[in-house]
Amino acid sequence: MNDDNDLLGPLEEETFEEPSQELTGTRDVFLFPINKRPFFPGMAAPLYIEPGPFYEMLKVASKEEGKCIALVMTKKEGAQAEKVQYRDLFKVGVLARILRIVPIEKGGVQVVLNMEKRVKLKREIKSDKGLRAKVDLYDEPKETNNELKAYAMSIIATIKELLKVNPLFKEELQIFLGHSDFTEPGKLADFSVALTTASREELQDILETFNIVERINKSLVILKKELDLSKLQNSINQKIETAISKSQKEFFLREQLKTIKKELGIERDDKTGDREKFETRLKDKKVPEDVQKVINEELDKISNLDPQSAEYGVTRGYLDWLTAIPWGLQSQDIHNLKTAEKILGEDHFGLEDIKQRILEFIGVGKLTDGVKGSIICLVGPPGVGKTSIGKSIARALGRKFFRFSVGGMRDEAEIKGHRRTYIGAMPGKLVQALKACQTMNPVIMLDEVDKMGSSFHGDPASALLEVLDPEQNKEFLDHYLDVRVDLSNVLFIVTANVLDTVPEPLQDRMETLRLSGYIQQEKLEIAKRFLIPKNRVLMGLKAKDVIFTDESLRTLINGYARESGVRSLENNVKKIMRKVALEIVRQEEKKSKKKEKPTSKKIVNESLQKYLGKPIFTSDRFYERTPIGVCTGLAWTSLGGATLYIETVKVTAEKTEMKLTGQAGQVMKESSEIAWSYLHSAIQRYCPGFSFFDKVQVHIHIPEGATPKDGPSAGITMVTALLSLLTNKHVVEDLGMTGELTLTGRILPIGGVKEKLVAARRSGLKSLIFPKDNSRDLDELSEEIKKGIKIHLVDHYDEVFKISFPELAREMK
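The numbers attached to residues start from 1 for each chain and follow its sequence in the written order. At least 70 in pLDDT is required for a residue's local features to be given in this predicted model, at least 80 for side-chain atom pairs to be given and counted, and no such filter applies to totals for whole chains, interfaces and linings, which use all residues. Each side-chain value is derived from all of the structure's non-hydrogen atoms; neither hydrogens nor water enter the calculation.

## A look at the sheet that holds strand 10 (residues 443-447)
Part 1 of the reasoning: Strands qualify as paired when DSSP identifies two bridges or more between them. Put simply, DSSP marks the helices as runs of H or I at least four residues long and the strands as runs of E at least two long, and each gets a number from the N terminus on. In space, the five strands of this open sheet follow the order 9-10-13-8-14, with parallel pairing throughout. Each edge of the open sheet carries a strand with a single partner, namely strand 9 (401-405) and strand 14 (511-514). Going from strand to strand, the sheet's axes swing by 20° on average, the running direction of each strand aside.
Part 2 of the reasoning: In this structure, strand 10 lies alongside strand 13 (residues 491-496), joined through four bridges in parallel fashion. If you follow Leu446 over to strand 13, its bridge partner there is Val494.
Part 3 of the reasoning: In the packing of helix 14 (residues 429-437) onto the sheet, contacts are made with strand 9, strand 10 and strand 13, and the angle to strand 9 comes to roughly 150°. For helices, the axis comes from a line fit to the C-alpha atoms of the stretch in contact; other axes are also lines fit to C-alpha atoms, and the angle between any two N-to-C directions lies between 0 and 180 degrees. In this analysis, two residues are considered to be in contact whenever any of their non-hydrogen atoms come within 4.5 Å of each other.

## Quick word on the pattern of salt bridges
Part 1 of the reasoning: Put simply, a salt bridge is a Lys or Arg side-chain nitrogen that is within 4 Å of an Asp or Glu carboxyl oxygen. Per the counting criterion, the structure on display carries 25 salt bridges.
Part 2 of the reasoning: We note a salt bridge from Lys225 to Glu202, for which the minimum N-O separation is 3.7 Å. Of this pair, Lys225 sits in helix 6 (residues 212-264) while Glu202 is found in helix 5 (residues 200-208), placing the two residues 23 residues apart along the sequence.
Part 3 of the reasoning: Glu570 is the salt-bridge partner of Lys534, the closest N and O atoms lying 2.8 Å from each other. Of this pair, Lys534 sits in helix 17 (residues 520-538) while Glu570 is found in helix 19 (residues 567-594), placing the two residues 36 residues apart along the sequence.
Part 4 of the reasoning: Relative accessible area serves as the criterion here: at 14%, Glu570 is assigned to the buried category.
Part 5 of the reasoning: Ionic contacts of the salt-bridge type, sharing partners, join the residues Arg275, Glu279 and Asp300 into one network. Only protein chains enter the calculation, and the probe is 1.4 Å; a residue is then buried if its accessible area is under 20% of its type maximum, exposed if over 50%, and partly exposed in between.

## Thoughts on the pairing of strand 13
Part 1 of the reasoning: With six of its six residues buried, strand 13 lies for the most part within the structure.
Part 2 of the reasoning: With burial as the criterion, each face of strand 13 is covered, one bearing Leu491, Ile493 and Thr495 and the other bearing Phe492, Val494 and Ala496.
Part 3 of the reasoning: Bridge count for strand 8 (residues 375-379) against strand 13 is five bridges, and the pairing is parallel. In the strand pairing of strand 13, Leu378 is matched with Thr495.

## Side note on the side chain of His792
Part 1 of the reasoning: By the element assignment, His792 lies in strand 25 (residues 790-794).
Part 2 of the reasoning: Look past the residues within four positions of His792 in its chain and what remains in contact with it is Ser767, Leu768, Ile769, Phe770 and Ile803.

## Details of the environment of Gln356
Part 1 of the reasoning: One can find Gln356 in helix 11 (residues 352-367).
Part 2 of the reasoning: Under the relative-accessibility criterion, Gln356 is labelled partly exposed at 44%.
Part 3 of the reasoning: On a C-alpha basis, the gap between Gln356 and Leu468 in space is 23 Å, while along the polypeptide they are 112 residues apart.

## With respect to the environment of Leu319
Part 1 of the reasoning: Tracing the chain through its elements places Leu319 in helix 9 (residues 310-324).
Part 2 of the reasoning: Between the C-alpha atoms of Leu319 and Tyr55, which are 264 residues apart in sequence, the distance is 68 Å.
Part 3 of the reasoning: Apart from residues lying up to four places away in sequence, Leu319 is in contact with Phe278, Ile295, Glu298, Leu299 and Ile302.

## What to know about a negative patch on the surface
Part 1 of the reasoning: Only residues whose relative accessible area exceeds 30% and that form no salt bridge enter a patch; like-charged residues are grouped when within 9 Å of one another, and nonpolar side chains (Val, Leu, Ile, Met, Phe, Trp, Tyr) when within 5 Å. Throughout, the Shrake-Rupley method with a 1.4 Å probe supplies accessible areas, and for residues the shown protein chains are the sole cover considered. Charged residues are defined here as Lys and Arg on the positive side and Asp and Glu on the negative side; His and the ends of the chain fall outside this count. Lys charges are placed at NZ, Arg charges at CZ, Asp charges at CG and Glu charges at CD. A contiguous patch of negative charge, built from Glu289, Asp290, Glu475 and Asp486, is present on the exposed surface.
Part 2 of the reasoning: Its location among the elements puts Glu475 in the loop between helix 15 (460-467) and strand 11 (476-477).
Part 3 of the reasoning: By relative accessible area, which is 48% here, Glu475 ends up partly exposed.

## Considerations on the packing of helix 18 (residues 550-560) against helix 20 (residues 605-612)
Part 1 of the reasoning: Relative to each other, helix 18 and helix 20 sit at 45°, their axes nearing to 9 Å. Between helix 18 and helix 20, the crossing angle belongs to the class labelled oblique. As helix 18 runs across helix 20, the sense of the crossing is right-handed. Every residue of helix 20 that contacts helix 18 at Glu551, Ser552, Thr555, Leu556 and Tyr560 is listed here: Asn605, Leu608, Gln609 and Leu612. Just so you know how the angles are binned, under 35 degrees is roughly parallel, over 145 roughly antiparallel, 65 to 115 roughly perpendicular, and the rest oblique. Working rule for handedness: look at the near helix, and if it is turned counterclockwise from the far one by less than a right angle, call the crossing left-handed; if clockwise, right-handed.

## Remarks on helix 15
Part 1 of the reasoning: Taking burial as the measure, the eight residues of helix 15 include six buried ones, the bulk of the element.
Part 2 of the reasoning: For helix 15, the complete set of buried residues consists of Pro460, Ala461, Ala463, Leu464, Glu466 and Val467.
Part 3 of the reasoning: Among the structural elements, helix 13 (413-416), helix 14, strand 10, strand 11, strand 13 and helix 16 (504-508) are those in contact with the buried residues of helix 15.

## Structural notes on unusual backbone geometry
Part 1 of the reasoning: Not every positive phi belongs to a glycine, and Glu448 is a case in point at roughly 55°.
Part 2 of the reasoning: Within the fold, Glu448 resides in the loop between strand 10 and helix 15.
Part 3 of the reasoning: Using a relative accessible area of 26% as the deciding quantity, one classes Glu448 as partly exposed.
Part 4 of the reasoning: At Asp734, a residue that is not glycine, the phi angle is positive and equals roughly 55°.
Part 5 of the reasoning: Here Asp734 is to be found in the loop between helix 23 (715-727) and strand 21 (735-737).

## Re the confidence of the model for the protein chain
Part 1 of the reasoning: Summary statistics for the protein chain give a mean pLDDT of 82 and a share of 91% for residues scoring 70 or more.
Part 2 of the reasoning: The predictor rates its confidence in each residue with pLDDT, a number between 0 and 100. Confidence drops under a pLDDT of 50 for residues 1-7, and excluding neighbours within four residues, the segment shows nine contacts in the predicted structure.

## Describing helix 10 (residues 337-347)
Part 1 of the reasoning: Those residues of helix 10 lying buried are Ala340, Ile343 and Leu344. Burial along helix 10 is one-sided: seen end-on, the buried residues are contained in an arc of 95°. Turned more than 90 degrees away from the buried face of helix 10 sit Lys338 and Lys342, all of them exposed.
Part 2 of the reasoning: Those residues of helix 10 that are buried lie in contact with helix 11 and helix 12 (386-397). Relevant arc is that of directions from the helix axis to the C-beta atoms, nothing else.

Structure representation (structure tokens):
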């Protein structure tokens, strides 16, 4: 390169003559990276060069002898040309001679190149102008033989076939066929494959194949693939054209048939048919005046519209919904208490408080001649029967039942409908429920209301405030219908696992009924009366095929299905029955040859492990005898009640401090601090002669550390565990407790009384301490749940101390 290259001016339009000498041997050339497809020798192609490094490289190359550059494809498709380095290029490219340079008004130039020969990159040459390398030029051998001639003829034949089915490259191929020299099969292979839709990698492979026999063989394979693809494409196009012409013919014939029928009076047009359909729907309905006015206006509007117009379809859809709603139609309520009681008893065992409330509800409906303005919220852990109770209520009242889940709902349009200006607009779920039930007083269940979300589309929980308010829902306005709909006769049943995530205004509009869960005896009866008979039929088993003993069911409940509901219990019953069914089928296949009858399966404790494996739950109790520094508490979770151990130990330290672990929440952390401060302040009352923890670290731990825990009800349990640690005395055996503690020692009421009592019974606790203010909750529970458990009601920690440490209490006297 000359030092004067930096002083070269902009490129001007120029045409270059062919060099006098043939390009051979080794040359130093600039490398121009290309991205999509490689070029082949014998081709000519224009390239647009933008102002930049490649423009400068082109200026230098145009002044060099031979006026050549090398076009080499990048290994990675889509690589930015300015950032491409020598290692990013394939090792084989093509030497291109500059034929003509034409400047472009917007900047840059268009250069016409003639692809001369294959080149193989030898090594990179450092250049401040751009990529430059030393390359070897490859001279194509001109010998030919019969094998190459045969290949060439096959390629020509394939190209001619390709022309018949794919005229895309017809002009270029015909030009080539008119000027090609069949004595050069290498060029034939290159040019023919360059016109196909082969991938860049396949084309680069052809370019890198120097052996002519191998190259022409690969080219023929690619051409055959292209021919097959073109034939398939042609076949698809013909099928589509046939289908289109057939549908057009059918359309014209139908239009002619319609016209003939209309002239003869045999058939009415679409508008007349739609109008008659809508008017027929309204015959037996009591449509409110304002709604009837809107319907009449829309019917007049549709009469003046073209059936093919978009507005006709929108108006027709609107009228379809307006006339499909059961205006004024109501199902007759059944107010027979005996029938209702029988239905509730058939569908559910236990839940006496819930059944009683439903019977009261029906009784009031009988006296007031209808159930109005009622919204019931059923709250309880999964699997206790919230949804099935809703169905039972609908059966008991003789009403239609419609259920939809609002869990995960983020768009208020699901409740209140979309405005008709949107494409694909529809009414909300409530209007859809009325259409599906064809009555204005169905039972509508809104499932999983505690799992609703909110987004930029709106807040569905806020939209429900109007729906679930008896004073507002008699004039509910759906955005799609845009007319008032009376929902005051609808009985709404809402279900939730917890109420923590339900907004307070929404809770205020509902009457909450809690389904706390089932005790062991209730689960046993449910399994015998409902789960086993139902699933025995589903599995194709007879009563004699599988028999569960009471003892095996108790073991199943305690060891495999300890949750508050019965869903897990049912799943385990199904699992056992499936395995029994498999055994029976195998026995039948074996004994059919011996003409013996298969024996029935009796499920006992020993066979449970055979079918279900080892028990999942062994015991809620970690200790046979509670150690010093440990006290048993009671907790409530969304899945029911559970026992909660508070463990304490002390280790020597430089200063007195307390440490809490076990994934305790903020409220529980504050409870531990209250317990620590209260015991410190009242140490002489309970342990005269003892000093508070002096220069020790007291570690409080709540086991099952992976489970988050929170709430204030472990306050008295923490004080009792600390007292046990301080005095080195055991807490009374089989004692559990729960209650919120204040700094003055007062004990405040807690929630989840039934769940905690059920958990205590499951863990085998004999005595329980509850706050005195929870006596009302305990009185409402059945004696079956409280049977065999001594319950102490306390309102100050002094009473807890006397019950937990009777020996210390006697010594103090």
